[in-house]
Amino acid sequence: MDKQQLFIELEGIQQRGIMIFLEGVKSTPQTVSDQLCIQEESSYMRDYVYDEGVLKELHFDKVQNI
């Protein structure tokens, strides 16, 4: 995963007023991109939260490998 590209994507999302969460905690594009690139052995799932068809929140949650 390209950290800079992810950061730019998330920064654009945040600038549109969409809140970003990492493991249930409100976060920043920098924190999320740092964490996702550090945790190379872990997988994170994106969860898009909509309200009446409008994207309001983007959540990143660690996927548990079974």
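Residues numbered from 1 in each chain as written. Predicted model: local features only at pLDDT ≥ 70, side-chain atom pairs only at ≥ 80, totals over all residues. Heavy atoms only, no water.

Colleague: Teacher, can you tell me more about the environment of glutamate 11 here?
Modeller: For glutamate 11, the position within the fold is in helix 1 (residues 3–15). Considered as a pair, glutamate 11 and proline 29 are 18 residues apart in the sequence and their alpha carbons are 5.5 Å apart. (Helix = DSSP H or I, 4+ residues; strand = E, 2+ residues; numbered from the N terminus.)

Colleague: Got a minute to help me understand the packing of helix 1 against helix 2 (residues 29–38) in this structure?
Modeller: Angle between the axes and distance between the axes are the two parameters that describe a pair of packed helices. Two numbers describe how helix 1 lies on helix 2: the axes approach to 9 Å, and their chain directions differ by 150°. When the axis of helix 1 is compared with that of helix 2, the two are roughly antiparallel. For the crossing formed where helix 1 meets helix 2, the hand is right-handed. In this structure, helix 1 contributes Lys3, Leu6, Phe7, Leu10, Glu11 and Gln14 to the contact, and helix 2 contributes Pro29, Gln30, Val32, Ser33, Asp34, Leu36 and Cys37. Grouping the amino acids of the contact of helix 1 with helix 2 by side-chain chemistry returns seven nonpolar, three polar and three charged. (Axes fitted to C-alpha atoms, helices over the stretch in contact; angles between N-to-C directions. Parallel < 35°, antiparallel > 145°, perpendicular 65-115°, else oblique. Left-handed = near helix turned anticlockwise from the far one by under 90°. Contact = heavy atoms within 4.5 Å. Nonpolar A, V, L, I, M, F, W, Y, C, P; charged D, E, K, R; others polar.)

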